[in-house]
Amino acid sequence: RTSNALYPPPSLHPSFDTLEDMIKDSMEPTGKDYRTGRKRALARDGYRCMITAMIDETSLRRCADLRTIRKRGGINAVTVQTAHILNESTMQGTDPAGTSENSAENHYAAGAMAILECFGLSNFTEAFKRQGGVHEFWNLLSLEPNLHRKFDTLDLWFESTPQPGRYSVCVSDEYAEGYIRLFAGPKPHVDGAPMVEFTSQFKELPPPDPLLLALHATCARVAHMSGAAEFFDRLLSNLMSPFAVLDIVS
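Note that the structure is a prediction, hence the values are computed from the model and not measured.

**Details of the side chain of Asn139**
- Relative to the assigned elements, Asn139 resides in the loop between α6 (122-129) and β4 (140-143).
- Within polar-contact distance, the side chain of Asn139 engages the backbone oxygen of Val134 at 2.9 Å.
- For Asn139, the residues in contact, after removing those within four places along its chain, are Ala83, His84, Ile85, Leu86, Phe128, Val134 and Leu212.

**Quick word on the nonpolar core**
- Counting 53 residues, the largest nonpolar core has Ile51, Phe128, Leu141, Leu156 and Phe158 as the members making the most contacts within it.
- It is helix α5 (residues 103-118) that provides the largest number of residues to this core, a total of 4 residues.
- With 7 residues, the next largest nonpolar core counts Leu154, Trp157, Cys170 and Ala223 among its residues.

**A few points about the pairing of strand β6 (residues 166-171)**
- Most of β6 sits out of view: 5 of its 6 residues are buried.
- With antiparallel pairing between neighbouring strands as the criterion, strand β5 (residues 156-160) and β6 make up a hairpin whose turn holds 5 residues, including Gly165 at a positive phi of roughly 85 degrees.

**Points about the confidence of the model for the protein**
- The pLDDT averaged across the protein works out to 77; a share of 70% of its residues lies at or above 70.
- By mean pLDDT, strand β7 (residues 189-190) is the weakest element of the protein at 48, and β4 is the strongest at 96.
- Note that pLDDT drops below 50 for residues 6-12; the model gives that stretch 7 contacts with residues more than four away or on any other chain.
- With pLDDT under 50 throughout, residues 95-100 is counted as low confidence; its partners more than four residues away or in other chains account for 7 contacts.

**Topic: the side chain of Glu136**
- Assignment of secondary structure puts Glu136 in the loop between α6 and β4.
- Note on Glu136: relative accessible area 12%, which makes it buried.
- Not counting residues within four places of it along the chain, the set of residues in contact with Glu136 comprises Lys32 and Arg130.

**Focus: a negative patch on the surface**
- Together, Asp17, Glu20, Asp21 and Asp65 give the surface a local cluster of negative charge.
- You can see Asp65 is positioned in helix α4 (residues 64-73).

**Brief notes about helix α9 (residues 210-223)**
- Look at α9: 20 Å from first C-alpha to last across 14 residues, which is about the 20 Å you get at 1.5 Å a residue.
- In terms of burial, α9 is largely enclosed, as 10 of its 14 residues are buried.
- Those residues of α9 that sit buried are Leu212, Leu213, Leu215, His216, Ala217, Thr218, Cys219, Ala220, Val222 and Ala223.
- Two or three places before Leu211, at the opening of α9, Asp209 has a side-chain oxygen 2.8 Å from that residue's backbone nitrogen.

**A look at the environment of Trp138**
- Mapped onto the secondary structure, Trp138 falls in the loop between α6 and β4.
- In this structure Trp138 comes out as buried when scored by relative accessible area, which is 15%.
- Between the C-alpha atoms of Trp138 and Leu205, which are 67 residues apart in sequence, the distance is 7.7 Å.
- Contact partners of Trp138, with chain neighbours within four places excluded, come to Ile85, Phe124, Ala127, Phe128, Gly133, Pro206, Pro207, Pro208, Asp209 and Leu212.

**Section: the packing of helix α1 (residues 19-26) against helix α2 (residues 34-44)**
- Contact pair α1 / α2: the axes reach a minimum separation of 9 Å and the direction vectors enclose 145 degrees. Here the hand of the crossing between α1 and α2 comes out left-handed. Between α1, through Ile23, Asp25 and Ser26, and α2, the contact on the second element is made entirely by Lys39, Arg40 and Ala43.
- Per-class residue counts for the contact of α1 with α2 are 2 nonpolar, 1 polar and 3 charged.

**A look at the pattern of salt bridges**
- For the structure on display, the rule yields 7 salt bridges.
- When the shortest N-O distance is used, the salt bridge between Glu159 and Arg221 registers 2.7 Å. Here Glu159 is found in strand β5, whereas its partner Arg221 is found in helix α9, with 62 residues between them in sequence.
- Classification of Glu159 as partly exposed rests on a relative accessible area of 23%.
- Owing to a relative accessible area of 39%, Arg221 belongs among the partly exposed residues under this scheme.
- Here Glu197 makes a salt bridge to Arg166, at a shortest N to O gap of 2.5 Å.

Conventions used here
- Residues numbered from 1 in each chain as written.
- Predicted model: local features only at pLDDT ≥ 70, side-chain atom pairs only at ≥ 80, totals over all residues.
- Heavy atoms only, no water.
- Helix = DSSP H or I, 4+ residues; strand = E, 2+ residues; numbered from the N terminus.
- Polar contact = N/O pair within 3.5 Å; in protein donor to acceptor, adjacent residues only side chain to side chain.
- Contact = heavy atoms within 4.5 Å.
- Core = buried A, V, L, I, M, F, W, Y, C linked by side-chain atoms within 4.5 Å.
- Buried < 20%, exposed > 50% of the residue type's maximum accessible area, 1.4 Å probe, protein only.
- Pairing = 2+ DSSP bridges.
- pLDDT = per-residue confidence, 0-100.
- Patch = residues over 30% accessible without salt bridge, like charges linked within 9 Å, V, L, I, M, F, W, Y side chains within 5 Å.
- Areas by Shrake-Rupley, 256 points an atom, 1.4 Å probe, with all protein chains shown as cover.
- Salt bridge = Lys/Arg side-chain N within 4 Å of Asp/Glu carboxyl O.
- Lys, Arg positive; Asp, Glu negative; His and termini not counted.
- Charge placed at Lys NZ, Arg CZ, Asp CG, Glu CD.
- Expected span 1.5 Å × (residues − 1).
- Axes fitted to C-alpha atoms, helices over the stretch in contact; angles between N-to-C directions.
- Left-handed = near helix turned anticlockwise from the far one by under 90°.
- Nonpolar A, V, L, I, M, F, W, Y, C, P; charged D, E, K, R; others polar.

Encoded structure:
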């Protein structure tokens, strides 16, 4: 489910003439906090929503190259948000220091870890246990707010295709599909579904991990089984993680 965590507002940054200079500046931080993860994930994704290609308006104000690109292409600007595949609120109970006393947080985190282990993804459990592990780049996507919200509530997910890095964009309602078609522009389609490609030109900034995306897609498919959606909406109204779906089913 959607994270309720409050993030600090972005700090002031210098302006740049070229996109290359702004990307270079984004590569300098070495921290593991949310702000650093967001800054570098935006650089990896070209300061755009990964589905609609809308440009992040804060980055737009900072970079002359982005303003030129927007003007030439007539591209919409929006506040591009940073989405977690495995939600940050779920992992609040994963305390590297072992000092967390919140039993609910511990329960959710333990459930998520158990699901990862069940699917043979133990390498991720070790990564998430590290300080700031939830902000690793392979767990982050850049999405505009409407699509971010739908991704968090399992109303949007990505189905893999035979081509590595290419996914079908799947949604649970016609409104969301129309919204994507309206703003995403002409892109390849398979069986009528819009397609996206998640790549990165930076070795140190990998794209969203296909295994985590597949697990998220599995949660979404379970939640939207015939007759199940309303049940899960009621059942999960107070839960924080889409991975709780598989926890309950199992």
